[in-house]
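# Remarks on the overall topology
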Amino acid sequence: MYHPVEVSEISRPVVGTSLQRTLREQQTLLDSAGVGIVFIRNRIVVHCNQRYAEIYGYASPQELLGHSSETLHPNRDAFRALGREAYTTLCEGQTFRCERQMRRRDGTLFWASLTGRLINPQDTREGSIWTVDDIDEHKQTQDLLRTIQLEKQVLFDQAMVGIVFLRERHLTRCNRHFEQMLGYEPGELIGSPSRRWYRSDAEWEDAGKRCYAPFAQGQSFAGEVTLCRKDGTPVVCDVRAKAMGAQGSVWIAMDITERKRTQEALAKAHEELERQVRERTRELHETVVDLHREIVDRKEDQDRIHWLAHYDALTGLPNRTLLAERSQQAIREAASAGTPLAVMFIDLDHFKHVNDSLGHRVGDALLIQIGNRLRAVLPQVEAIARVSADEFNIIIEPGAEMPPVDFVAQRIMAELSRPFVVDGSPVYVGACVGVAMYPDDGADADQRAIANAAAVQRDEMADGDIVPDEELDAVVGMQHRAILNVGVFTDADAVGVATHGGVPPDRGVFRQMNLADDRGVGRDPALRVDSRGVCS
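Residues numbered from 1 in each chain as written. Predicted model: local features only at pLDDT ≥ 70, side-chain atom pairs only at ≥ 80, totals over all residues. Heavy atoms only, no water.

### A few points about the overall build of the chain
Assigned secondary structure in the chain consists of 14 helices and 18 strands. The buried share among the 536 residues of the chain stands at 37%. The contacts in the chain between residues at least 6 apart in sequence include a share of 54% that link residues at least 24 apart. Counting only carbon and sulfur atoms, one obtains 53% of the accessible surface of the chain, whose full area is about 29,700 Å². (Helix = DSSP H or I, 4+ residues; strand = E, 2+ residues; numbered from the N terminus. Buried < 20%, exposed > 50% of the residue type's maximum accessible area, 1.4 Å probe, protein only. Contact = heavy atoms within 4.5 Å. Areas by Shrake-Rupley, 256 points an atom, 1.4 Å probe, with all protein chains shown as cover.)

Structural data, given as structure tokens:
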């Protein structure tokens, strides 16, 4: 580089006020310049302005005077490389320009724009004038801009979507993906009208109306547009577009043809699945209904089996099995509560004569009516059982809601004494009623007690205490009637068997039974039953 000459050396031979004024003006220009200016001779700083000193990190130009210009470069190699590069241009009398990294006083590097020229190209010893501009920030900005542009270009070239720039609906630039998407060679679409990738004029015009209408309102376009490949096949694209003023518009298109096909296939598959689900749901519903029906049928069968096992099929009353269960339960509850319990035995007299003379149909109807009357007398009692063809048992738990046992017996006697009407004809039947009390008469209500009650009745008949009423037989002709033989309790512990025929019609005889030893324990002739079977 060339070394500047001191202004004092130039002005020393100059005489006169005019020359001094000119020098002052030149110095003012140097100090006011926005770039650094330096005069170098023999690679030594001879003179420089304030801006030059500031660029290199010096407080004043005087600090640089006499310094080698090599110290302003990053290293000696850089210094010599600049000299070799500038020498030819400068010796030809031309201005040399370049951008180089320079070094500040603190050692930091910065980018500078250098412009140099020889004072006398014929004699390089006279030195050179250089201007220096700090372009470090500008350089960094340029580098950043180049990086951004490079990144944008990479994104533009490698994007998996088609990118198109249009001006007046003509393609000015596009990336390779857009060309590949439509089946064109590189650069084949440059300058082409956008009509080229539409199937018809109508579709092209419709796309223009749809896409450019938002541009007029300052908005972007987003939607599906069907384009056309070079071979004529359609391409469904998801398009985004935005106007760029005088530069035209930019378009981003993504091929969603396969996605649309997949969506349609999925929609069909979903529809088919829903149909199958509906069909399977219907079949499952039918299966559930059938299963529920089967369960209900089985439950009904089980209930029917249970009912047949525990109830009399003719009268609907509990049978011997259910009576045994309820009697044991009633005895346990009575024993636990310390309350009495009554078991009533009813044995129909000469019921076989009814079946033999009137037929089993009449006998069945008569048994049903007897069961209904017993239920009507004791609606709150569930343990009314038919234990054999002509025998009934009743378990009575005396309490606040239950009338006394003797009153119950009177009600039963009164109901059974009334004639039964079967097929429009009255039918009479006799009966023996016995009652045993728990715990006074025993601790078990098994069938021995029932059999013993029947045995007492048979004994009385053998003794002549119970006979058929011949007058009633005469009234109803060939129909056999058995007069109701009724009994009442002498007290809460008594069991009575009333007889009619062997004693005067206005007197009744009762036999009390003991459940524990199965023996009759006495008679009480004080109670009376009139000819209607009503106690007095």
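What follows continues from the structure just given.
### Observations regarding the environment of Arg41
Mapped onto the fold, Arg41 is located in strand β1 (residues 36-41). Considered as a pair, Arg41 and Gly66 are 25 residues apart in the sequence and their alpha carbons are 10.0 Å apart.

### Some words on the packing of aromatic side chains
Taken as a whole and assessed by the stated rule, the structure comprises nine aromatic pairs. Where Trp307 meets Tyr311, the ring centres are 5.6 Å apart and the plane angle is 10°; that geometry is what we call stacked. Here the aromatic cluster, defined as three or more aromatic residues joined through ring pairs, consists of Tyr52, Tyr56 and Phe110. The positively charged end of Lys139 is found above the aromatic ring belonging to Trp111, 4.6 Å away from the centroid. (Phe/Tyr/Trp six-rings, centres within 6.5 Å; stacked < 30°, edge-to-face > 60°. Lys NZ or Arg CZ within 6 Å of the ring centre and 35° of its normal.)

### Notes on helix α9 (residues 320-337)
Over its 18 residues, α9 extends 25 Å from the first C-alpha to the last, a length consistent with the 26 Å expected when each residue adds 1.5 Å. Two or three places before Thr321, at the opening of α9, Asn319 has a side-chain oxygen 3.2 Å from that residue's backbone nitrogen. Phi turns positive, to about 70°, at Gly338, one or two residues after α9. (Expected span 1.5 Å × (residues − 1). Polar contact = N/O pair within 3.5 Å; in protein donor to acceptor, adjacent residues only side chain to side chain.)

### Quick word on unusual backbone geometry
Glycine aside, residues mostly have negative phi angles, and peptide bonds mostly take the trans form. Residue Pro439 is reached from Tyr438 by a cis peptide bond, and omega for that bond is 10°. Assignment of secondary structure puts Pro439 in the loop between β16 (430-438) and α13 (447-462). Although it is not a glycine, Asn42 sits at a positive phi angle of roughly 50°. Within the element layout of this structure, Asn42 appears in the loop between β1 and β2 (44-48). For Asn42, a relative accessible area of 58% translates into the label exposed.

### Some remarks on the pattern of salt bridges
Evaluated as defined, the whole model comprises 27 salt bridges. For the salt bridge of Arg195 with Asp201, the shortest nitrogen-to-oxygen distance reads 2.5 Å. Residues Asp312 and Arg386 are paired through a salt bridge, measuring 3.1 Å at the closest nitrogen-oxygen approach. Of this pair, Asp312 sits in the loop between α8 (257-310) and α9 while Arg386 sits in strand β12 (residues 384-388), and the two are 74 residues apart along the sequence. With a relative accessible area of 13%, Asp312 lands in the buried category. Each of the salt bridges in this network shares a partner with another, and the network as a whole consists of Glu188, Arg196 and Lys230. (Salt bridge = Lys/Arg side-chain N within 4 Å of Asp/Glu carboxyl O.)

### Some details on the sheet that holds β1
Taking strand neighbours across the sheet as the criterion, the five strands line up as β2-β1-β5-β4-β3 in an open arrangement whose pairing is antiparallel. On the outer flanks of this sheet lie β2 and β3 (96-103), each paired with one strand and no other. Direction aside, neighbouring strands of the sheet carry axes that sit 35° apart on average. Of the strand pairs in this sheet, β1 and β2 are connected by four bridges, and their pairing is antiparallel. By the bridge assignment, Phe39 is partnered in β2 with His47. (Pairing = 2+ DSSP bridges. Axes fitted to C-alpha atoms, helices over the stretch in contact; angles between N-to-C directions.)

### What about the sheet that holds strand β10 (residues 249-255)?
Ordered in space as β7-β6-β10-β9-β8, the five strands form an open sheet in which the pairing is antiparallel. Taken across any chain shown, the strands that pair with only one partner, and hence form the sheet edges, are β7 (170-174) and β8 (221-228). Across the sheet, the mean angle separating the axes of adjacent strands is 35° when strand polarity is ignored. The pairing of β8 with strand β9 (residues 234-243) spans eight bridges and is antiparallel. When the sheet's bridge partners are listed, Val225 is paired in β9 with Cys237. Packed on one face of the sheet, α8 meets β8, β9 and β10 and runs near 120° to β9.

### Observations regarding the pairing of β12
Regular strands place side chains that alternate from one sheet face to the opposite one. Judged by how many residues are buried, β12 sits mostly within the fold: four of five residues are covered. As paired strands, β12 and strand β13 (residues 391-396) are joined by four bridges and run antiparallel to one another. Residue pairing for β13: Arg386 is matched across the bridge by Phe392. Taken together, β12 and the strand that follows it, β13, pair antiparallel across an intervening segment of two residues.

### Focus on the pairing of β2
Among the five residues of β2, four are classified as buried, and the element is accordingly described as predominantly covered. Following β1, the chain reverses through two residues before pairing antiparallel with β2; Asn42 in that reversal takes a positive phi of roughly 50°.

### Brief notes about the nonpolar core
Residues Met344, Ile346, Ile370, Leu378, Ile394 and Ile412 are the most contacted members of the largest nonpolar core, which totals 32 residues. Those elements that place two or more of their residues in this core are β11 (341-349), α10 (351-358), α11 (360-377), β13, α12 (405-417), β14 (420-422) and β16. Looking at which element gives the most residues to this core, the answer is α11, with six residues. When neighbours within four sequence positions are excluded, Ile370 is seen to be in contact with Leu348, Phe392, Leu416, Phe420 and Val429. (Core = buried A, V, L, I, M, F, W, Y, C linked by side-chain atoms within 4.5 Å.)

### As for the confidence of the model for the chain
When pLDDT is averaged along the chain, the result is 79, and 78% of the positions lie at 70 or above. Per-residue pLDDT stays below 50 along residues 1-11; that stretch engages in 53 contacts with residues further than four places along the chain or on separate chains. Here residues 461-536 is modelled with pLDDT under 50, and outside its nearest four sequence neighbours on either side it reaches 180 contacts, counting other chains as well. (pLDDT = per-residue confidence, 0-100.)

### A few points about the packing of α11 against α12
Here α11 crosses α12 at 145°, and the two axes come no closer than 10 Å. Here the hand of the crossing between α11 and α12 comes out right-handed. In this structure, α11 contributes Ile370, Arg373, Leu374, Ala376 and Val377 to the contact, and α12 contributes Arg411, Ile412, Glu415 and Leu416. When grouped by side-chain class, the residues that make up the contact of α11 with α12 number six nonpolar, no polar and three charged. (Left-handed = near helix turned anticlockwise from the far one by under 90°. Nonpolar A, V, L, I, M, F, W, Y, C, P; charged D, E, K, R; others polar.)

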